[in-house]
Amino acid sequence: MTDVPTDEFAPRPKLLTPPVLQQLCTRSNLQGALRTLSHYGAIIGVGALIGAIASTHGVLWALPLLPVQGVLIAFLFMAVHETAHKTAFDSRRLNLAVGYLSGFLIGLPYEYYCLFHWEHHRHTQDPLRDPELIVGPKPRSETQLAIAYSGLVQMAGRLRLLLQHAITGEVTVPWVPAGRRATIVREARAYAAGYALLLLGSLALHSALLLWVWVLPLLLGQLVLRPYLYAEHTGCDHTRSAFQNTRTTFTTRAVHWLAWNMPYHVEHHAYPAVPFHALPKLHAIVDGEIKYRGEGYIAVTRQTWAWFRAQWKERKAETS
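These figures come from a predicted structure and were not determined experimentally.

**Side note on the overall build of the chain**
What the chain contains, in helices and strands, is 17 helices and 2 strands. Structurally, the chain occupies a C-alpha span of about 65 × 55 × 45 Å along its principal axes. Counting all 320 residues of the chain, 47% fall into the buried class. Pairs at least 24 apart in sequence give 72% of the contacts found in the chain among residues at least 6 apart. On the chain, roughly 16,000 Å² of surface is accessible, and the fraction owed to carbon and sulfur atoms is 65%. Averaging the coordinates of the 29 positive side-chain charges in the chain and doing the same for the 21 negative ones gives two points 6 Å apart.

Following this line, the structure appears as structure tokens:
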């Protein structure tokens with residue numbers, strides 16, 4: 001199934017009443033714990049297997065597991081995202097704890113991301129105000145496009161900004177208000193100190209374990225995470241309506257588990273207070289209002305890649 005225009009949808013009865021929405025917005029410590037423990041349990045399990053194989057048979061035998069571990073770790077981004085909305089758990093403390101830990105593991109300061117992400121929700125697809133469009137790479141060739149889809153540019157930019165905040169003590173990005181800048185600096189310094197301690201500990205122990213079970217897998221995981229993230233809005237309309245500026249992608253249960261149900265991304269943007277575990281129910285109600293619907297991430301990645309190529313060809317034609 002490819003993206004289809006809105007005017008092909010038949011009228012539907014209004015099923016999302018205030019009482020139904022209120023019920024959908026109910027947060028659950030149990031659901032959050034189950035998803036968090038299963039996600040972290042998979043990471044710990046695969047990481048332990050990598051360590052055991054590497055120590056017994058050598059690192060080369062463990063290499064096939066690195067991409068698996070990488071996808072699991074990189075998609076902790078979804079835990080950061082859900083806890084940024086404070087919808088992963090009913091408990092605020094649990095949201096913060098999982099958010100801080102997950103953010104540390106993927107090199108994304110949690111407090112900073114909360115501000116960045118809410119600005120994205122307020123100005124989705126606005127080229128001048130949506131942070132995702134402002135800081136994202138602007139590929140102008142096939143090579144630049146391939147690098148953008150690798151996610152390495154984004155990782156490098158994220159870590160560069162973290163170090164900039166930690167070293168200079170200055171925060172200049174417009175989505176961080178003056179009253180929160182000191183918090184962002186303290187957070188960046190805490191993250192940088194944590195990474196430095198882990199590096200020093202690894203050197204002192206003459207151990208490369210963290211390199212094989214965390215750092216390299218995280219970089220490899222960007223190769224899957226970045227195309228997934230591009231599917232959320234690329235090629236959608238520049239409008240205020242979440243039903244037109246965002247894409248929902250139909251995919252497997254495994255991907256829904258890994259991505260905390262965020263393939264239902266139109267639903268999330270339209271009703272961001274609805275927690276991840278209620279998005280399938282929300283989808284069943286609002287499905288007919290969705291303009292951009294992708295059938296699987298391979299197909300949608302082809303669409304988004306083609307959209308980027310069309311954009312730079314259009315710009316080239318305008319300047320020639």
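After that view, the rundown keeps rolling.
**Focus: the state of the cysteines**
Taken as a whole and assessed by the stated rule, the structure comprises 0 disulfides. The structure places no disulfide on C114, whose sulfur is separated from the nearest cysteine sulfur, that of C25, by 18 Å. Here C114 falls in the buried class, since its relative accessible area comes to 8%.

**Some words on the packing of helix α10 (residues 152-168) against helix α11 (residues 181-205)**
For the pair α10 and α11, interaxial distance at closest approach is 8 Å and the crossing angle is 110 degrees. In terms of orientation, α10 and α11 fall into the roughly perpendicular class. Residues L162, H165, A166, I167 and T168 of α10 lie in contact with α11, whose contacting residues are I184, V185, A188, R189, Y191, A192 and Y195. For the contact of α10 with α11, the class distribution of residues is 9 nonpolar, 2 polar and 1 charged.

**Description of the nonpolar core**
With 71 residues, the main nonpolar core has M78 and Y228 as its most contacted residues. Ignoring sequence-local partners within four residues, the contact set of Y228 consists of F75, M78, A259, M262, P263 and Y297. L145, A148, Y230 and F308 belong to the second-largest nonpolar core, a separate cluster that totals 6 residues.

**Observations concerning the pattern of salt bridges**
For the structure on display, the rule yields 5 salt bridges. E111 serves as the salt-bridge partner of R180, at 2.9 Å between the closest nitrogen and oxygen. Here E111 lies in helix α7 (residues 110-122) and R180 lies in the loop between α10 and α11, a separation of 69 residues in the sequence. We classify R180 as partly exposed; its relative accessible area is 29%. The shortest N-O distance in the salt bridge between R309 and E142 comes to 2.8 Å. Here E142 lies in helix α9 (residues 142-150) and R309 lies in helix α17 (residues 297-319), a separation of 167 residues in the sequence.

**Here's the deal with the packing of helix α4 (residues 66-74) against helix α12 (residues 209-230)**
Their axes nearest at 6 Å, the elements α4 and α12 cross at an angle of 75 degrees. One element, α4, and the other, α12, form an angle in the roughly perpendicular class. Between α4 and α12, the residues in contact are L66, P67, Q69, G70, V71, I73 and A74 and W212, V213, W214, L216, P217, L218, L220, G221, Q222, V224 and L225, respectively. Split by residue class, the contact of α4 with α12 holds 14 nonpolar, 4 polar and no charged.

**Section: the environment of A84**
Within the element layout of this structure, A84 appears in helix α5 (residues 77-84). On the accessibility criterion, A84 (3% relative accessible area) is buried. With 98 residues separating them in the primary sequence, A84 and A182 have C-alpha atoms 19 Å apart. Look past the residues within four positions of A84 in its chain and what remains in contact with it is Y110, Y113, C114 and W118.

**What to know about a nonpolar patch on the surface**
A cluster of nonpolar side chains, contributed by L152, L211, V215 and L219, occupies part of the molecular surface with about 290 Å² of accessible area. For the nonpolar patch, the element with the most residues is α12, which contributes 3 residues. Overall, V215 belongs to the partly exposed group, its relative accessible area being 36%.

**What about unusual backbone geometry?**
Look at Q125: it is not a glycine, yet its phi comes out positive at around 70 degrees. If you trace the backbone, Q125 turns up in the loop between α7 and α8 (131-135). Looking at Q125, the relative accessible area reads 5%, which means it is buried. Unlike most non-glycine residues, H206 shows phi in positive territory, near 55 degrees. Relative to the assigned elements, H206 resides in the loop between α11 and α12.

**Here's the deal with the side chain of H265**
Within the element layout of this structure, H265 appears in helix α15 (residues 265-270). Residue contacts for H265: discarding those within four places in its chain leaves E232, H233, T246, R247 and T248.

Cut-offs and rules
- Residues numbered from 1 in each chain as written.
- Predicted model: local features only at pLDDT ≥ 70, side-chain atom pairs only at ≥ 80, totals over all residues.
- Heavy atoms only, no water.
- Helix = DSSP H or I, 4+ residues; strand = E, 2+ residues; numbered from the N terminus.
- Buried < 20%, exposed > 50% of the residue type's maximum accessible area, 1.4 Å probe, protein only.
- Contact = heavy atoms within 4.5 Å.
- Areas by Shrake-Rupley, 256 points an atom, 1.4 Å probe, with all protein chains shown as cover.
- Lys, Arg positive; Asp, Glu negative; His and termini not counted.
- Charge placed at Lys NZ, Arg CZ, Asp CG, Glu CD.
- Disulfide = S-S within 2.5 Å.
- Axes fitted to C-alpha atoms, helices over the stretch in contact; angles between N-to-C directions.
- Parallel < 35°, antiparallel > 145°, perpendicular 65-115°, else oblique.
- Nonpolar A, V, L, I, M, F, W, Y, C, P; charged D, E, K, R; others polar.
- Core = buried A, V, L, I, M, F, W, Y, C linked by side-chain atoms within 4.5 Å.
- Salt bridge = Lys/Arg side-chain N within 4 Å of Asp/Glu carboxyl O.
- Patch = residues over 30% accessible without salt bridge, like charges linked within 9 Å, V, L, I, M, F, W, Y side chains within 5 Å.

Fair warning: the whole summary comes from geometry, so function is off the table for now.
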